[in-house]
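Each chain, written out:
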Amino acid sequence: MATCNLPAPVAANPSTTALQQLKELLQRDAVFAQALAATASTEDAVRLSAEHGVQVTPEALWRHRGTLVSGGLPTWRG
């Protein structure tokens, strides 16, 4: 019997997936983008994201806050 040597599926990184979802939401929902920009802290940004169905950790959100929108500007003030 022949053995199949296919690579094991790569598990998606939850933070990467959440950040991609957040980027897509920011691009398609101007009201959400404006609300996120108005948040005062990372924790507020995480709560707002969760309310819109994106479960992202504060750490991941903080590390990538300047890469979520074009131009490399921070996505929110916090």
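For the structure itself, look to the data block above.
Residues numbered from 1 in each chain as written. Predicted model: local features only at pLDDT ≥ 70, side-chain atom pairs only at ≥ 80, totals over all residues. Heavy atoms only, no water.

1. Digging into the packing of helix α1 (residues 14–28) against helix α2 (residues 30–37)
Interaxial distance between α1 and α2 falls to 5 Å at its minimum, and their mutual angle equals 110°. Here α1 lies roughly perpendicular to α2, going by the angle between them. Here L22, L25, L26 and R28 of α1 lie close against α2, whose contacting residues are A30, F32, A33 and L36. Residue classes in the contact of α1 with α2 are distributed as seven nonpolar, no polar and one charged. (Axes fitted to C-alpha atoms, helices over the stretch in contact; angles between N-to-C directions. Helix = DSSP H or I, 4+ residues; strand = E, 2+ residues; numbered from the N terminus. Parallel < 35°, antiparallel > 145°, perpendicular 65-115°, else oblique. Contact = heavy atoms within 4.5 Å. Nonpolar A, V, L, I, M, F, W, Y, C, P; charged D, E, K, R; others polar.)

2. Considerations on the nonpolar core
Nonpolar side chains tend to gather and get buried jointly when the protein is soluble and globular. Of all hydrophobic cores here, the largest spans 15 residues; its most connected members are L22, F32, V56 and L61. Elements with a contribution of two residues or more to this core: α1, α2, α3 (42–51) and α4 (58–63). Tallying contributions element by element places α1 first for this core, with five residues. (Core = buried A, V, L, I, M, F, W, Y, C linked by side-chain atoms within 4.5 Å. Buried < 20%, exposed > 50% of the residue type's maximum accessible area, 1.4 Å probe, protein only.)

3. Side note on the pattern of salt bridges
The tally for this structure, following the rule as stated, stands at one salt bridge. For R47, the salt bridge identified is with D44, shortest N-O distance 2.5 Å. Of the two residues, R47 and D44 both sit in helix α3, three residues apart, roughly one turn of that helix. Accessibility expressed as a relative area gives 48% for R47, which makes it partly exposed. With relative accessibility at 28%, the residue D44 sits in the partly exposed group. (Salt bridge = Lys/Arg side-chain N within 4 Å of Asp/Glu carboxyl O.)

4. Here's the deal with the environment of R47
In this structure, the C-alpha to C-alpha distance between R47 and P58, residues eleven residues apart in sequence, is 9.5 Å. At 2.5 Å, the side chain of R47 and the side chain of D44 are in polar contact. (Polar contact = N/O pair within 3.5 Å; in protein donor to acceptor, adjacent residues only side chain to side chain.)

5. Examining the side chain of T39
You can see T39 is positioned in the loop between α2 and α3. Here the side chain of T39 touches L36 through a polar contact of 2.7 Å, landing on its backbone oxygen.

6. Observations concerning the packing of α2 against α3
Two packed helices can be described by the angle between their axes and the distance between those axes. Interhelical geometry of α2 versus α3 gives an angle of 160° and a closest axis separation of 9 Å. With respect to their mutual orientation, α2 and α3 come out roughly antiparallel. Here the hand of the crossing between α2 and α3 comes out right-handed. Here F32, A35 and L36 of α2 come into contact with α3, specifically with A45, L48 and S49. (Left-handed = near helix turned anticlockwise from the far one by under 90°.)

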